[in-house]
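Breakdown of the fold
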Amino acid sequence: MTYEFNERTMRRGTLSYKWDQGQTLFGDEEVLPLWVADMDFKCSPAIIQAVTERAAQGIYGYTIRSKDYLNAITGWFQRRHGWNVDESWLTDSPGVVPSLSLAVQSLTEPGDEIILQSPVYNPFYDVIQRNGRKLAESPLLLKNGRYEMDYEKLETLMSGGAKLLLLCSPQNPGGRVWTKEELVRLGDLCVKYDVKVIADEIHCDLVFPGHQHFPFASLSEQFAERTITCLAPSKTFNMPGLSTSFTVISNPRLKRRFDERIHALSIGSVNFFGPPATIAAYNDSEPWLDALLTYVAANQEFAISYLSNHLPALVPVRSEGTYLLWLDCRALGLDSKELKQLMYKEAKIAFNEGSIYGREGEGFLRINLACPRDLLAEALDRFTSAVNARNK
């Protein structure tokens, strides 16, 4: 089967978080939005059929999770990632970010230091600081256009008393897919200093050829016993609006603590559309995902080539996974306010401005590549014209 990723689907006027906030967020409703991480592609035919059939029932009542739902999850991770997940390790949640926050609450106390590696997905800062915990930053090292972990800094923070590490794997916004050797070296430090790990692996399926995602908890029993892994089909299959997500926790003591937070807030029920959509995603949409990855990889090549030809002073950080491109714009000499002015007012496009991912993101932009190629080209054209107009 072939899939049509070049089709532009009208999303304005559909209550779209991405498309219907141009005026509110950027001051112009005509701004092209290539920012928040959802795709401008229709879901796989199997998911559309499952949701359509579910909607046709006409009664949208409280929903339970079925054996088929659990088998779809465990089967996917065994087949796609070689990870044997027991269904008893699964806990449903409304989303990965709520799971991150609940995991922080369940594994630490107010005032504890929590490590993150910046630049990193901006809600990492929120789930630490808004829960009364302290940031312990170990900035990633950008070497030859590729991010690496700073193990010396990590060990200093761990030996200094940090209790928990938030791991972004694959890494957002830099697009690194951590190697097995990198993750084992990190895990050995966590074991040595008794540091717990919350692994955000929501982009785990979005990995380009030549790279492989290794679930952190799958690498050793010692790593698994200290880890809460946060997952969802939402990024992989473009269904974040269905609020279907889950954690994998093999350590019964950690799982009890996490589940207590879920029960205390009464947020453990599943979305009416979540189980059938998840089953259709994991059981029947793998060919769609493979085709998607081919298309997005080609979009990345298109964007890198375009930038090289038209804005050679700007340096893309080639993504190994995710559908995001991290672009070094520091050669423009603009601060975050000026970059926003350039995008929203002059180019009338919206990429993510990099400082929201930490100090190390200042001067960078994050571009969502999961869109039809002509839309990507239009955004890059607008951006290039605005930069050139400034340089006249």
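Scroll up to find the structure.
A quick note: this is a predicted structure, and the numbers were derived from the prediction, not measured.

So, about the overall build of the chain. Assigned secondary structure in the chain consists of 14 helices and 15 strands. The C-alpha radius of gyration computed for the chain amounts to 21 Å, which stays within 12% of the reference 21 Å derived for 392 residues, consistent with globular compactness. With respect to the three principal axes, the spread of C-alpha positions in the chain is 65 × 55 × 40 Å. Within the chain, the proportion of its 392 residues that are buried is 57%. Long-range contacts, defined as pairs at least 24 residues apart, comprise 73% of the intrachain contacts of the chain with a sequence gap of at least 6. Looking at the chain as shown, the accessible area adds up to about 16,600 Å², and 49% of this sits on carbon and sulfur atoms. Between the averaged position of the 41 positive side-chain charges in the chain and that of its 48 negative side-chain charges there is a distance of 3 Å.

Attention now goes to the packing of aromatic side chains. For the coordinates displayed, the defined rule picks out 24 aromatic pairs. Measuring from ring centre to ring centre gives 5.1 Å for Phe272 and Phe273, while their planes differ by 90°; the resulting arrangement is edge-to-face. Ring geometry for Trp326 versus Tyr357: centroids 5.5 Å apart, planes at 85°, classification edge-to-face. In this pair, Trp326 sits in strand S12 (residues 324-328) while Tyr357 sits in the loop between strand S14 (352-353) and strand S15 (364-368), placing the two residues 31 residues apart along the sequence. Across the pair, Tyr357 and Trp326 agree in class, each one buried.

Right, let's talk about the environment of Leu342 for a bit. By the element assignment, Leu342 lies in helix H13 (residues 336-347). For Leu342, a relative accessible area of 1% gives the class buried. Separated by 268 residues in sequence, Leu342 and Thr74 place their C-alpha atoms 46 Å apart. When residues no more than four places from it in sequence are discounted, the contact partners of Leu342 are Leu332, Leu334, Ala347, Phe383, Ala386, Val387 and Arg390.

A few words now on the pairing of strand S7 (residues 164-168). Among the 5 residues of S7, 5 are classified as buried, and the element is accordingly described as predominantly covered. Neither face of S7 is open: one carries Leu164, Leu166 and Cys168, the other Leu165 and Leu167, and all of them are buried.

Strand order in the open sheet formed by 4 strands is S11-S12-S15-S14, with antiparallel pairing between adjacent strands. Two strands in the sheet have a free side with no partner beyond their single neighbour: strand S11 (315-317) and S14. As defined by bridge partners, S14 adjoins S15 across 2 bridges and the pair is classed as antiparallel. Bridging from a neighbouring strand, Glu353 pairs with Leu365 of S15. Together, S11 and S12 form the strand contacts of helix H12 (residues 286-310), whose direction differs from that of S12 by roughly 15°.

Another aspect to go through is helix H7 (residues 180-192). Spanning 13 residues, H7 covers 18 Å between terminal C-alpha atoms, matching the ideal 18 Å at 1.5 Å per step. Of all the residues in H7, the buried ones are Glu182, Leu183, Leu186, Gly187, Leu189 and Cys190. Along H7, the residues classed as buried sweep out an arc of 155° about the axis, all on the same side. Opposite the packed face of H7, turned more than 90 degrees from it, sit the exposed residues Glu181 and Lys192. One or two steps after H7, the chain reaches Asp194, where phi turns positive at roughly 55°.

What counts and how
Residues numbered from 1 in each chain as written. Predicted model: local features only at pLDDT ≥ 70, side-chain atom pairs only at ≥ 80, totals over all residues. Heavy atoms only, no water. Helix = DSSP H or I, 4+ residues; strand = E, 2+ residues; numbered from the N terminus. Rg over C-alpha atoms; globule rule 2.2 N^0.38 Å. Buried < 20%, exposed > 50% of the residue type's maximum accessible area, 1.4 Å probe, protein only. Contact = heavy atoms within 4.5 Å. Areas by Shrake-Rupley, 256 points an atom, 1.4 Å probe, with all protein chains shown as cover. Lys, Arg positive; Asp, Glu negative; His and termini not counted. Charge placed at Lys NZ, Arg CZ, Asp CG, Glu CD. Phe/Tyr/Trp six-rings, centres within 6.5 Å; stacked < 30°, edge-to-face > 60°. Pairing = 2+ DSSP bridges. Axes fitted to C-alpha atoms, helices over the stretch in contact; angles between N-to-C directions. Expected span 1.5 Å × (residues − 1). Arc of directions from axis to C-beta.

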